[in-house]
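# Chain and residue survey
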Amino acid sequence: MHSGTPPARTTSVALRQARRQLLDQGDVAAGLLDERLARSWSRSLDFGLQASGRTPGAPHASTAQLARALEQQRELVAHARPVMEFVFEQTRDSDCMVVLADSGGMLLHTLGDAEFLDRASRVALRPGATWHEQYRGTNAIGTAMAEQAPVVVHASEHYLERNSFLTCAAAPIHDPAGRLLGALDISGDHRGYHPHTLGLARSAARMIEHKLFETRHAGQLRLRFHSQMEGIGTVTECQLAVSPEGWVLGANTAALQWLGLGRDSIGRVQLEAVWPLAHALVQQPGPAAVRPLLGPRGGQVWLRVDFGRSRPAPLPRALEVAEPAPADALSALDTGDATYRAALDKARRVVGKPIALLLQGESGVGKEVFARAVHAAGPRRDGPFVAVNCAALPETLIEAELFGYSPGAFTGARREGSPGRLREAQGGTLLLDEVGDMPMAFQARLLRVLQERQVQPLGGGKAVALDFNLVCATHRQLREEMQAGRFREDLYYRINGLTLLLPPLRERSDQSALIGRLLGTLAPGQALQLAPELVTAFLHFNWPGNLRQLANGLRTACALLDEGETMIDWQHLPDDLAQDLRQTSVLADPGLDGPLRAQSVRTMERVLQQCNGNVSEAARQLGVSRNTLYRKLGGSAGR
């Protein structure tokens, strides 16, 4: 239920040592206990709780008080009950229970196995009891709300020894305005610990938040977005509610993470400030349609705008001119490089035709992004897009993962069986990423399935016909892999209907456009630019990590800018990237008096002259600090 399995959790010896340190020294040494648990133990000690024996004074609501609490939290309870019943069905007969608590830690509703409910009631794990840390010490419900994060408390990790028979996983529940409403908890006997329980609790909390959002913002302007088109309308989508004036009125957890905002930003930030492209889109009301768009923090997302009964205020006429929308998802990837554009054009010609596509290129060039655009540009765009990383699948599980299996096909198999990723792609597109890393023993089986266009699950059962577009991707040279005997020749020609070689970043002529687009996405509205020296260094660098490396470097640089700075310079880059750039740059020698450095200095001198020697104004226009300007001009500034 935690970030690890029981062996990876704190051992009993370490727990005893941590408890002794806490009682003797008042705190726990770093690394001995999970940081969240260590903070919770310290709070428990500060509350004056005794770890052993009974702890008097824990409040318990009367029947009338519980009824009033249920009435006050009627909306939360109404949306939580069906989710709790669903969770209970998944955990039935496993000695556990599902618990809903309000923001004060009072238990509002419980479901569970009768025998375990009886045991749990002996430690007041029942409706009406309060499980705030102040009264129960470290426990999943109280600690999840105190830390504002999902948490597991397993066995002796509970502060009170009398609760050590429990293993509990809880996730906080927030309303669309960011306010804490309570927590959803799954508690059970510590001997039945399962590492997936925390994920189940987190998913249940997200389902409740999703329903609360739908209820609170029905009829309002809402933005739904996801990295996958198929994710729109599911509980995994990002949701924003926006006022007609552009203020963000509501957001779910996923949207806040995408935008890089805290919950206290809700109601205090405008959409235009955090996602200008989406803001421009909502100024043009129209039918709700899913369309690709550059995401608020980089990368492509799929967005649907539900205008509801709200209508945004019109933009001033001067701002109405916008970049024309791309003709399709493939056009959205075109930033001017001729080689990349040729690949896009070829892909467009085979979209919708039964021709397998093979994408080759170095790691980080964006093969999956390209494949998703191919899917979105074709007639199967409303079908699923299923991506499978062949290099990440254990050899012992790859067959079951791709082909599926019948109930009871092997030890550890799910009782209901599994359809497999190939069948999940039915009616859509299947991407076999890193297909060059597929084990030889499995390649023959895959070839047969692709030839016959049907699959039989492991363990027997009727063969199922397959219908999907196939896209394969790899960073390996498959012809060389064939010659070395690591890839089957017949499989190569089966997946190679059309091979497209995506160019590495160092060979693309549109680097400036790519950098500009990334900066506009990472820091919308700030008009960031690179210092002249960096522009040259970027264009001469070989970028071994390609677009992934470029995006990560710019993301870090944006975060390191001082307030008011608009020009990214050497000091803003990650140290390793700056070192690599200097090694391949003509600016590697700080004392070099070459034409590039001279050009940079002339630019600064010209701006300083235009500002009549005003160093502060020149620094502002150049987007650098006064110290930087002085340093670059060798102390001549302002003389």
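Residues numbered from 1 in each chain as written. Predicted model: local features only at pLDDT ≥ 70, side-chain atom pairs only at ≥ 80, totals over all residues. Heavy atoms only, no water.

## What to know about the sheet that holds strand β17 (residues 498-501)
As a reminder, the rule being used: Two strands pair if DSSP finds at least two bridges between them. Only DSSP runs of H or I covering at least 4 residues are called helices, and only runs of E covering at least 2 are called strands; the numbering of each starts at the N terminus. Each axis is a line fitted through C-alpha atoms, and for a helix only the stretch in contact is used; angles between axes span 0 to 180 degrees, taken between their N-to-C directions.
Read across the sheet, 5 strands follow the order β12-β13-β16-β11-β17 without closing on themselves; strand pairing throughout is parallel. Looking at the sheet topology across the chains shown, the edges are occupied by β12 (385-389) and β17. The sheet shows a mean angle of 20 degrees between the axes of neighbouring strands, direction not considered. As paired strands, β12 and strand β13 (residues 429-433) are joined by 5 bridges and run parallel to one another. Looking at the pairing, Ala387 lines up with Leu431 of β13.

## Let's talk about helix α16 (residues 440-452)
Our working rule: One less than the number of residues in a helix, times 1.5 Å, gives the span that helix is expected to have. Remark: exposure states derive from per-residue accessible area (1.4 Å probe, protein chains only) relative to the maximum for the residue type, with buried under 20%, exposed over 50%, and partly exposed in between. Here, the arc refers to the directions that run from the helix axis to the C-beta atoms. Contacts are assigned to residue pairs with any non-hydrogen atoms lying within 4.5 Å of each other.
Under the 1.5 Å per step criterion, the end-to-end length of α16 is 19 Å for 13 residues, consistent within 8% with the ideal 18 Å. Taken as a whole, α16 has its buried residues at Phe442, Gln443, Leu446, Leu447, Val449 and Leu450. Seen end-on, α16 carries its buried residues on one side only, within an arc spanning 165 degrees. Seen from the buried face of α16, the exposed residues on the opposite side, beyond 90 degrees, are Ala441 and Arg448. Contacts made by the buried residues of α16 are with α14 (398-403), α15 (421-424), β13, β14 (454-455), β16 (469-474) and α18 (489-495). One or two positions beyond α16, positive phi appears at Arg453, with a value near 55 degrees.

## Considerations on the pattern of salt bridges
Here is the rule we go by: Definition used for salt bridges: Asp or Glu carboxyl oxygen within 4 Å of a side-chain nitrogen of Lys or Arg.
This model, assessed by the stated rule, comprises 28 salt bridges. Here Glu147 makes a salt bridge to Arg39, at a shortest N to O gap of 2.7 Å. Of the two residues, Glu147 is situated in helix α7 (residues 140-147) and Arg39 in helix α2 (residues 35-46); the sequence distance between them amounts to 108 residues. Judged by its relative accessible area of 16%, Glu147 falls in the buried class. Judged by relative accessible area, which is 39%, Arg39 ranks as partly exposed. Residue Arg92 pairs with Glu89 through a salt bridge whose shortest N-O separation is 2.3 Å. Note on Arg92: relative accessible area 40%, which makes it partly exposed. Judged by relative accessible area, Glu89 falls into the partly exposed class, the value being 47%.

## Some thoughts on the packing of aromatic side chains
This is how it is decided: Here a pair means two rings of Phe, Tyr or Trp (six-membered ring of Trp) with centres within 6.5 Å. Their orientation is stacked below 30 degrees between planes, edge-to-face above 60, and tilted elsewhere. Either the NZ atom of lysine or the CZ atom of arginine qualifies as a charge over a ring when it sits within 6 Å of the ring centre and within 35 degrees of the ring normal.
Counted according to the given criterion, the structure contains 7 aromatic pairs. Centroid distance Phe225 to Trp275: 4.8 Å. Interplanar angle 65 degrees. Geometry classified as edge-to-face. Highlighted residues: Phe225 in strand β6 (residues 221-226) and Trp275 in the loop between α10 (271-274) and α11 (276-282), separated in sequence by 50 residues. Judged by relative accessible area, Phe225 falls into the buried class, the value being 0%. Between Tyr340 and Phe370, the aromatic rings sit 5.9 Å apart at their centres with planes inclined by 80 degrees, giving edge-to-face as the arrangement. One end of the pair, Tyr340, is in helix α12 (residues 338-350); the other, Phe370, is in helix α13 (residues 367-376), with 30 residues separating them in the sequence. Accessibility assignment for this pair places Tyr340 and Phe370 in one class, buried. An aromatic cluster is present here, built from Phe225, Trp258 and Trp275 joined pairwise through their rings. Positioned above the aromatic ring of Trp131, the side-chain terminus of Arg136 is 5.2 Å from the ring centre.

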